[in-house]
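Residues per chain, in single letters:
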Amino acid sequence: MASQDPQRFSGVKRVYTRQDVLQLRGSVHIEYTLARMGAERLWKMLNEGGDSYVHALGALTGNQAVQMVAGGLRAIYLSGWQVAADANTAAQTYPDQSLYPADSVPKVVERINNAFQRADQIAHASGRGDVHWYAPIVADAEAGFGGNLNAYELMRAMIKAGAAGVHFEDQLASAKKCGHLGGKVLVPTKEFVAKLQAARLAADVCDVPTVLIARTDALGAYLLTSDVDDADKPFCTGERTSEGFYAIRGGIDAAIARGLAYAPYADLLWFETSDPSMEEAEKFAKAIHAKYPGKLLAYNCSPSFNWKKKLTDAQIATFQQDLGALGYKFQFVTLAGFHALNFSMFSLAREYATRGMSAYADLQEAEFAAEKLGYGAVKHQTFVGTGYFDALAQKVSEEGCSTTALAGSTEAEQFH
């Protein structure tokens, strides 16, 4: 429950005590430096005041995250969709249906932080300190991959890997879907509240002020596992499916009801949307803030939307600023890494197929031109740390090292 900000947990409700946390923590206090640093930095950025907001892109690899920081972004989003598609520990390509192993997202968090560490080491060894490489990572825990104990363990794994923030959603884990697919099944409101409590307890036991985001899929979900919760009954139709699920009326009112129920237990609220509707965003924000003034909100600026079909160029240009004014302090493009990776490689391959090396040389020239903007990967040997490890080799040899790699390389000769 520790934080440098005395107001960090103002308004946050816990169903357990400090003594419960200490009892579960164990006798040895383990430090989670990257998770703590990231969480405190993210929280500070989210509370800069006014209409400010933090915007992020979804990273698929460590190098993508490094380029995001080099390009000026202050935070990283890590999407479970992208992990399912191309970065899971099963080495499979999956749709976003929680089919991949539960350790996959924590492993990518670890990979990104390792990439940040190398970038920081290279810069520090070179005497450069103008970039804070350890950007806070907000990671996707989906529906927790099971019940409350699963959510607890997943949150611990995220913290161990160095995540600054984690979001959970109120779908049934065994039937979880991307928020922009059909067939979503919600769990009762109170069941998800318990899952949020499990995630918060994990952070408290780890003694890290992890930013906890609660997402509801109630806007586009029409099935519920049980009508046991009175909070859900106004949205139940009385119909049952062949699997035994309860039919419900999804929509903005259902999303607001769940947002209000989750607000005391989460740091930010996110309602998943089917299109970039400022009208829905405003209705949700006003309803939440009427009861919980200043509650921080999150918004998925999703690639599943056809942006120019839904909005004018002028509306797109101010969309995030308008959301920021409504209190949506964390905004992100979930699948940016997936689309950037696929389109850039397709474009290069298509040109290379017809133009050969001229196509690659054009790419290289574009990289050289971007160096003055802060792009460093064109010097790929230096970028991955060859010079850093040369310095290491020199320091452990009393008589000098004759096998350093960067001196005499084609990069040293041609890329200056």
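As the structure is a computational prediction, the values presented were derived from the model and not from experiment. (Residues numbered from 1 in each chain as written. Predicted model: local features only at pLDDT ≥ 70, side-chain atom pairs only at ≥ 80, totals over all residues. Heavy atoms only, no water.)

A separate point is helix H13 (residues 357-370). Between its first and last C-alpha, H13 extends 20 Å over 14 residues, near the 20 Å set by a 1.5 Å rise per residue. All buried positions along H13 are accounted for by Ala359, Glu367 and Ala370. Seen end-on, H13 carries its buried residues on one side only, within an arc spanning 85°. (Helix = DSSP H or I, 4+ residues; strand = E, 2+ residues; numbered from the N terminus. Expected span 1.5 Å × (residues − 1). Buried < 20%, exposed > 50% of the residue type's maximum accessible area, 1.4 Å probe, protein only. Arc of directions from axis to C-beta.)

What follows deals with the pairing of strand E3 (residues 137-140). Side-chain alternation along E3 places Ile137 and Ala139 on one buried face and Val138 and Asp140 on a second face that is also buried. As paired strands, strand E2 (residues 76-78) and E3 are joined by three bridges and run parallel to one another. The residue of E3 that forms the bridge with Ile76 is Ile137. Bridge analysis of E3 against strand E4 (residues 165-169) gives three bridges, and the strand direction is parallel. Residue pairing in the sheet places Asp140 in a bridge with His167 of E4. (Pairing = 2+ DSSP bridges.)

With that settled, the discussion passes to the nonpolar core. Counting residues in hydrophobic clusters, the biggest one holds 90 residues, and the most contacted among them are Ile76, Phe116 and Tyr328. Top contributing element to this core by residue count: helix H7 (residues 189-206), with ten residues. Ignoring sequence-local partners within four residues, the contact set of Phe116 consists of Ala65, Val66, Val69, Ile76, Trp133, Tyr134, Ala135 and Ile137. Judged by nonpolar contacts, the second largest core, of 18 residues, contains Trp43, Tyr77, Leu268 and Phe330. (Core = buried A, V, L, I, M, F, W, Y, C linked by side-chain atoms within 4.5 Å. Contact = heavy atoms within 4.5 Å.)

Looking now at the side chain of Lys177. Along the chain, the position of Lys177 falls in the loop between E4 and strand E5 (185-186). Within the local environment of Lys177, its side chain forms a polar contact with the backbone oxygen of Ala175, the two atoms lying 3.0 Å apart. If we skip the residues at most four places from it in the chain, Lys177 touches Asp96, Gln97, Glu169, Gln171, Gly182, Gly183, Lys184 and Arg215. (Polar contact = N/O pair within 3.5 Å; in protein donor to acceptor, adjacent residues only side chain to side chain.)

This part takes up the sheet that holds strand E7 (residues 223-224). Pairing in this open sheet of four strands is mixed, and the strands run E5-E7-E9-E8 from one edge to the other. The sheet is open, and its two edges are formed by E5 and strand E8 (236-240), each paired on a single side. Bridge count for E5 against E7 is two bridges, and the pairing is parallel. Bridging from a neighbouring strand, Val185 pairs with Leu223 of E7.

So, on to the packing of aromatic side chains. Under the definition given, this model contains 13 aromatic pairs. Between Tyr299 and Phe319, the aromatic rings sit 5.8 Å apart at their centres with planes inclined by 65°, giving edge-to-face as the arrangement. Of the two residues, Tyr299 sits in strand E11 (residues 296-300) while Phe319 sits in helix H11 (residues 313-326), which places them 20 residues apart along the sequence. Each of the two residues, Tyr299 as well as Phe319, counts as buried. On the basis of an interplanar angle of 85° and a centroid distance of 5.2 Å, the ring pair of Trp307 and Phe319 is categorised as edge-to-face. With Trp307 in helix H10 (residues 307-310) and Phe319 in helix H11, the pair connects residues that are twelve residues apart, well separated along the chain. Judged by its relative accessible area of 3%, Phe319 is buried. Arg14 extends its terminal NZ or CZ atom over the ring of Phe9, reaching a point 4.5 Å from the ring centre. Across the ring face of Tyr246, the terminal group of Arg240 is positioned such that the distance to the ring centre comes to 3.9 Å. (Phe/Tyr/Trp six-rings, centres within 6.5 Å; stacked < 30°, edge-to-face > 60°. Lys NZ or Arg CZ within 6 Å of the ring centre and 35° of its normal.)

Below, the discussion takes up the UniProt feature "binding site: substrate" (unreviewed entry) in the chain. Mapped onto this numbering, the UniProt entry annotates "binding site: substrate" (unreviewed entry) at Ser79, Gly80, Trp81, Gly179, His180, Arg215, Asn300, Cys301, Ser302, Pro303, Ser304 and Thr334. As for its placement among the helices and strands, Gly80 is situated in helix H4 (residues 80-86). When neighbours within four sequence positions are excluded, Gly80 is seen to be in contact with Asp96, Tyr100, Val105, Asp140 and Glu142. If you trace the backbone, Asn300 turns up in strand E11. What Asn300 contacts, discounting residues up to four positions off in sequence, is His180, Trp270, Glu272, Phe305, Phe332 and Thr334. (UniProt positions renumbered as here; feature names shortened; annotations may be inferred.)

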